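Residues per chain, in single letters:
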Amino acid sequence: MPTYTPPIADTRFVLDKVLGLDRYANLPGFGAATPDMVDAILEEGGRLCAEVFFPLNQSGDAEGCTRHDDASVTTPAGFRDAYRQLAEGGWIGLGAPEAFGGQGLPHVLSTAFEEYLISSNVAFAMYPGLTQGAMAALLAIGSDEQKALYLPKMVAGTWTGTMNLTEPHCGTDLGLIKTRAEPKGDGSFSITGTKIFISAGEHDLSQNIIHLVLAKLPGAPEGSKGISLFIVPKFPPDAEGNPGTRNAVSCGSIEEKMGIHANSTCVMNYDGATGWLLGEENKGLAAMFIMMNAARLGVGLQGLGIAETAYQNAVAYAKERRQGRALTGPAEPDKPADTLFVHPDVRRMLMEAKSSLEAARALVLWGALQVDLSHKAPEAADREAADELISLVTPVIKGYLTDLGYEIATKAQQVFGGHGYIREYGMEQYVRDARIAMIYEGTNGVQAMDLVGRKLPRHGGKAAMALFGLISADIAQAKDGPQAELAGHLEKAVGQLQAGALWLMQNGMKDPNNAGAAAYPLMTMMGIVSLGWMWLKMARAAQAALDAGEGDKAFLEAKLVTARFFAERMLPDVGALRRKLEGGAEAVMALPVEAF
């Protein structure tokens, strides 16, 4: 049976020593995030995840969700009580504004808890996770009346939320949607259409489900410019917020999926359901990106969270499983065989996982801090700079970290050998659950094209130059210190990335297919460099703590060794990817379709 232990010490190291959370105590919400408060949230949140949500992971996967003849859906045994504990503990509103009943704590702190929640049970985590995306849209563009009506119940967890974008004939190309919104003459609209792949679309965890639905108004412009966003509650509330008569929205079926079985991924039918416009007419695409950007960061966190649990179990198995002897001679001659840890190839897989996961954790927490700063920094220029940075890195966090998540889950399964393929040991579930993160909220190929086509050239490349400037500054500061070698490895990788980006700029304009063919390698290069940057930050922080005689010596020394591994074994991939990128599109596009 799998186990899970929240990596609290590692989270605290990043928050305290790498990000310096205490430096932001003057910002709204950060003052309340005292060391004692942070400890309490991580410890109690970690306990809840390990003891309440994690034990439901395998059983929930085996049972799945059930749709009944009346189109209602029940979640697996134990989920309702677990959700009640999550909601009553205030965990859903950890980072939500106090004005709507939230705790108003920094987003970076709620992100740390969210990792533990995902690691313990990703299918369960998706129920409040989709609510977060819906709340983000309401906070950004909802009217005062809409915010007052919906947000307090959603923050409390009494109501949940969804995002209804995809339709049977269109996924990424949302300009093709057919769902219609007809004005009813009283300020509301009649919503008719079918949406698919709707996570948490119908369930028994909350009193009400608030669907945010993309639809087109009569006479709307063609394509994506004619999309509007609507609030369509399962039970439309009255002015006091009391749910009324059931709306004409129902779950037509539950998708039969490879993984995340315990989340009700639904086909949703809207048969003249009553809805209300959220934001402006024909401005739904911009509203959608508010939800999507929040969701994409959450999905990147899924890559980290699922892989963390798979890795932990692979480590435990490698410590116990005895197979063969060390290449240098028996490590334990008195035993019939040595543990898997003596074998360099097993070590390779575990070190690749460990070095990637610890840097990924630092990157998502750094990204969450940029979200905080984009809203709370006192100077407008600082808010804008943080927003530019997180906008640039969002497709990298979503795309690269979910690629890593699946890769690490399969490596963890590989450590188990044949037992990894057997359901009893739980590894096959992590592989199945990790796979979807590379697909939903925009496939990773879409993330790469978003990075190359929109984010890198945005505002004349301002964000990219700012990011490279930050990395270069850290490299310069490290060159004369104990981490000079690590800084040198990172500097080479940054040079390869910049050269690849320059090639793309020069050749993508000549042939757009060059940009398309180069996008994925460039996203991966940027992901590796970003993790390398995090390792430079962590290594310098660990070295400083060691020099000061502070902290857990073994923990800090392990950071330095793991940083060296990443520099020597992972960063060189950036150069190979550059050569792939500069291969261009000619061979990619040369074959006629008939030759495939």
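Our structure is the block above this text.
All figures in this text were calculated on a predicted structure; none of them were measured in a lab.

Each value, and the rule that gives it
Residues numbered from 1 in each chain as written. Predicted model: local features only at pLDDT ≥ 70, side-chain atom pairs only at ≥ 80, totals over all residues. Heavy atoms only, no water. Helix = DSSP H or I, 4+ residues; strand = E, 2+ residues; numbered from the N terminus. Rg over C-alpha atoms; globule rule 2.2 N^0.38 Å. Buried < 20%, exposed > 50% of the residue type's maximum accessible area, 1.4 Å probe, protein only. Contact = heavy atoms within 4.5 Å. Salt bridge = Lys/Arg side-chain N within 4 Å of Asp/Glu carboxyl O. Axes fitted to C-alpha atoms, helices over the stretch in contact; angles between N-to-C directions. Parallel < 35°, antiparallel > 145°, perpendicular 65-115°, else oblique. Left-handed = near helix turned anticlockwise from the far one by under 90°. Nonpolar A, V, L, I, M, F, W, Y, C, P; charged D, E, K, R; others polar. Phe/Tyr/Trp six-rings, centres within 6.5 Å; stacked < 30°, edge-to-face > 60°. Lys NZ or Arg CZ within 6 Å of the ring centre and 35° of its normal. Pairing = 2+ DSSP bridges. Arc of directions from axis to C-beta. Polar contact = N/O pair within 3.5 Å; in protein donor to acceptor, adjacent residues only side chain to side chain.

**Student:** Got a sec to walk through the overall build of the chain? Specific residues and values, please.
**Tutor:** In terms of helices and strands, the chain carries 18 helices and 9 strands. Computed over the C-alpha atoms, the radius of gyration of the chain is 24 Å, within 12% of the 25 Å expected from 2.2 N^0.38 for a compact globule of 596 residues. Dimensions of the chain, computed from C-alpha atoms along their principal axes, come out at roughly 80 × 60 × 60 Å. When burial is assessed residue by residue, the chain has 56% of its 596 residues classed as buried. Restricting to contacts in the chain with at least 6 residues of sequence separation, those with at least 24 account for 73%.

**Student:** Got a sec to walk through the pattern of salt bridges? Specific residues and values, please.
**Tutor:** A complete count under the given rule lists 34 salt bridges for this structure. Across the salt bridge formed by D450 and R454, the nearest N and O atoms sit 2.7 Å from each other. Of the two residues, D450 and R454 both sit in helix α12 (residues 444-455), 4 residues apart, roughly one turn of that helix. Look at D450 and you get buried, because its relative accessible area is 8%. A relative accessible area of 46% means that R454 is categorised as partly exposed. By sharing partners, the salt bridges in this structure join D10, E115, E308, K354, E358, R361 and K559 into a single network.

**Student:** Break down the packing of helix α6 (residues 122-141) against helix α8 (residues 284-320) for me, with residues and values.
**Tutor:** It is at 8 Å that the axes of α6 and α8 come closest, and there the two elements cross at 155 degrees. The orientation of α6 with respect to α8, classified from their angle, is roughly antiparallel. Considering how the two elements wind past one another, α6 and α8 form a crossing that is right-handed. Only A287, I290, M291, A294, Q302 and I306 of α8 make contact with α6, whose side of the interface consists of V122, M126, G133, A136, A137, A140 and I141. Tallied by class, residues from the contact of α6 with α8 come to 11 nonpolar, 2 polar and no charged.

**Student:** Tell me about the packing of aromatic side chains, and name the residues and values.
**Tutor:** Applying the stated criterion across every chain, the model contains 12 aromatic pairs. Residues F79 and F124 carry aromatic rings whose centres are separated by 5.5 Å and whose planes lie at 80 degrees to one another, so their mutual orientation is edge-to-face. Pair noted here: F79 is in helix α4 (residues 79-88) and F124 is in helix α6, with a separation of 45 residues, a long-range link. Comparing F79 with F124, the two get one shared label, buried. Taking the centre distance of 5.3 Å and the plane angle of 70 degrees together, the rings of W366 and W533 count as edge-to-face. Pair noted here: W366 is in helix α9 (residues 344-376) and W533 is in helix α15 (residues 512-547), with a separation of 167 residues, a long-range link. Accessibility assignment for this pair places W366 and W533 in one class, buried. Taken together, the ring pairs in this structure connect F53, F79 and F124 into an aromatic cluster. For the cation-ring pair, R246 lies above F235, with the distance from its terminal atom to the ring centre recorded as 5.8 Å. Above the ring of Y406, the side-chain terminus of R435 is found at 5.4 Å from the ring centroid.

**Student:** Mind laying out the pairing of strand β6 (residues 208-216), listing which residues take part and the relevant values?
**Tutor:** Side chains on a regular strand alternate between the two faces of the sheet. Of all 9 residues that make up β6, 9 are buried, and the element is covered over most of its length. Where strand β3 (residues 159-164) and β6 come together, 6 bridges link them in parallel fashion. The partner of T162 across the bridge, within β6, is H211. As paired elements, β6 and strand β7 (residues 227-233) share 7 bridges and run antiparallel to each other.

**Student:** Outline helix α17 (residues 573-581), listing residues and values.
**Tutor:** Turning to α17, its buried residues number three or more, namely V574, G575, L577 and L581. Mapping the buried residues of α17 onto a view down its axis gives an arc of 160 degrees, with all of them on the same face. With respect to the buried face of α17, the exposed residues turned more than 90 degrees away are R579 and K580. On its buried face, α17 is in contact with α14 (484-508) and α15.

**Student:** Run through the packing of helix α5 (residues 107-120) against α9, naming residues and quoting values.
**Tutor:** The contact between α5 and α9 brings their axes to 8 Å, and the two run at 145 degrees. For the pair α5 and α9, the crossing hand works out as right-handed. Contacts between α5 and α9 involve H107, V108, T111, A112 and E115 from the first element and R361, V364, L365, A368, L369, V371 and D372 from the second. For the contact of α5 with α9, the residue count by class is 7 nonpolar, 2 polar and 3 charged.

**Student:** I'd like a description of the side chain of E358, backed by residues and values.
**Tutor:** Mapped onto the fold, E358 is located in helix α9. Looking at E358, its side chain comes within polar contact range of the side chain of K559, at 2.8 Å. For E358, the contacting residues outside a window of four places in its chain are D10, W535, M538, K559 and T562.

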